[in-house]
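Structural overview for review
Each chain, letter by letter, is given below.
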Amino acid sequence: MRDAILLAFSEDQRPASALASQLGLPCAEIALHRFPDGEICPRVPASAATVLIYRSFNQPNEKLLALLLAHDALTRDPNVQCMELIAPYLPYLRQDIAFHVGEPVSQAVLCRLLAERFGRIITVDPHLHRTADLGAAYPGTVWQVLPTQDFLADAIAADGTPPGLVIIGPDIESTPLVNRLATRLGCSFATFAKERAGDRQVDLVPPTGLDVADRPVLILDDICSTGGTMARLAEALRTAGARSIEAVITHALFDDAAAARMREAGIARIRSTDSIGHPSNAFPLAGPLAEAVVNPPRRGAP
Ligand code: R5P
């Protein structure tokens, strides 16, 4: 890419620099001034014709506002012709309908806000339930979704997959993901059915014929937040006789208390991509993200 720069806020500097170095681009920091009353004011550095902004959205509220303000600053820079967003983790996608009277459709608010401002939005394993295609639902930008299963399968296989491994998904929605990973690794898979009774309360129903007795198990999920899903799943798998349990997730949103809860439930190791900076990060996304940046989707491609 010629005449391009990657910009990132301070907390995203490490993965952003790794991505910039894969792309052979300069990487610069968007400084954030915090006024005594709590208001914020970003300051963007000297820019280029194409500006890529890297922003991962765990704890998203202030980060969103900072991004919108930085975007406004860049619209005032005569050099800038095109702005693209690399958001490995996109927040607010879960609320894709108003589940209760009086609630918003947060996904639509967030996606429209970003689609109006950026010429392309690259994201990783977006947490979508009823929205099949972000591009069809929120036109006006190019949505580029990077699925991680093939990349994770190669990384997991490089580590060595134990004989008899079973890949487990926590809910029906995870079936395509676990299927793809299991196919690539050449092992079997199964998915549970999940009922969520509250933010921290989930019920899981095992699939008929679940066969994990004395076998190693790898749980795959896109997000881990409270750790409730993982912990319940691990308990059910231990009851079913699993010999060992590990987990791989894309977006690590969980805190230390959730990590302890999952350990106590019997999960020996949790590994994540670095879509969110976290102690569990084991799979850096700089390589696949760089490929996505230089290979935008063809017009009309699904
Ligand atoms: C749900 O659809 C997701 O795939 C995750 O299972 C869920 O978001 C995990 O949340 P928590 O860690 O709070 O149970």
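Residues numbered from 1 in each chain as written. Predicted model: local features only at pLDDT ≥ 70, side-chain atom pairs only at ≥ 80, totals over all residues. Heavy atoms only, no water.

1. A word on the pattern of salt bridges
- One pass over the full model with this rule turns up 20 salt bridges.
- Across the pair Arg120 and Glu84 runs a salt bridge whose closest N-O atoms are separated by 2.9 Å. On the criterion of sequence distance, the pair formed by Arg120 in strand 6 (residues 120-124) and Glu84 in strand 5 (residues 82-87) is long-range, its members being 36 residues apart.
- Accessibility expressed as a relative area gives 5% for Arg120, which makes it buried.
- By relative accessible area, which is 11% here, Glu84 ends up buried.
- Measuring nitrogen to oxygen at the nearest pair gives 3.6 Å for the salt bridge that ties Glu116 to Arg117. (Salt bridge = Lys/Arg side-chain N within 4 Å of Asp/Glu carboxyl O. Helix = DSSP H or I, 4+ residues; strand = E, 2+ residues; numbered from the N terminus. Buried < 20%, exposed > 50% of the residue type's maximum accessible area, 1.4 Å probe, protein only.)

2. Description of the sheet that holds strand 6
- Taken together, seven strands build an open sheet; the order of strands is 3-2-1-4-5-6-7 and the sheet is mixed. At either end of the open sheet lies a strand with only one pairing partner, and these are strand 3 (40-43) and strand 7 (142-146). The average undirected angle you get between the axes of adjacent strands in this sheet is 25 degrees.
- The pairing of strand 2 (residues 27-34) with strand 3 spans four bridges and is classified as antiparallel. For Arg34, the partnering residue across the bridge sits in strand 3 and is Ile40.
- Sheet contacts for helix 9 (residues 286-294): strand 4 (50-54), strand 5, strand 6 and strand 7; angle to strand 6, the most-contacted strand, approximately 155 degrees. (Pairing = 2+ DSSP bridges. Axes fitted to C-alpha atoms, helices over the stretch in contact; angles between N-to-C directions. Contact = heavy atoms within 4.5 Å.)

3. With respect to the site of the ligand
- The immediate surroundings of the ligand are formed by 15 residues, with Asp221, Asp222, Ser225, Thr226 and Thr229 found nearest.
- A distance of 2.8 Å separates an oxygen atom of the ligand from a polar atom in the side chain of Lys194.
- In the complex, the protein chains occlude 95% of the 380 Å² of accessible area that the ligand would expose alone.
- Mapped onto the shell around the ligand, the elements with two or more residues apiece are strand 10 (193-198), strand 12 (216-224) and helix 7 (228-239).
- For the shell around the ligand, the per-class residue count stands at two nonpolar, seven polar and six charged.
- When residues are assigned to domains, the shell around the ligand turns out to be shared by domain 1 (4-147 + 285-294) and domain 2 (149-283), each giving three or more. (Near = heavy atom within 4 Å. Polar contact = N/O pair within 3.5 Å; in protein donor to acceptor, adjacent residues only side chain to side chain. Areas by Shrake-Rupley, 256 points an atom, 1.4 Å probe, with all protein chains shown as cover. Nonpolar A, V, L, I, M, F, W, Y, C, P; charged D, E, K, R; others polar. Domains from an automatic or database assignment.)

4. Side note on helix 6 (residues 175-185)
- Every buried residue of helix 6 is listed here: Val178, Leu181, Ala182 and Leu185. Burial along helix 6 is one-sided: seen end-on, the buried residues are contained in an arc of 95 degrees. Facing away from the buried side of helix 6, by more than 90 degrees, are the exposed residues Pro176 and Thr183.
- Structurally, helix 6 contributes buried residues whose contacts are with helix 5 (149-159), strand 8 (166-169), strand 9 (188-191) and strand 12. (Arc of directions from axis to C-beta.)

5. Thoughts on the sheet that holds strand 14 (residues 269-273)
- Pairing within the open sheet is parallel, and its six strands lie in the order 9-8-12-13-14-15. Edge positions in the open sheet fall to strand 9 and strand 15 (281-283), since each of these has one partner strand only. Within the sheet, the average angular offset between the axes of one strand and its neighbour, ignoring direction, is 30 degrees.
- Lying on the sheet, helix 7 is in contact with strand 8, strand 12 and strand 13 (244-252); it crosses strand 12 at an angle near 165 degrees.

6. Concerning the environment of Leu19
- Inspection of the secondary structure puts Leu19 in helix 1 (residues 13-23).
- By relative accessible area, Leu19 is classed as buried at 0%.
- Expressed as a C-alpha distance, the spacing of Leu19 and His251, which sit 232 residues apart in the sequence, is 18 Å.
- Residues in contact with Leu19, not counting those within four places in the same chain, are Leu6, Tyr54, Ile86, Ala286, Leu289 and Ala290.

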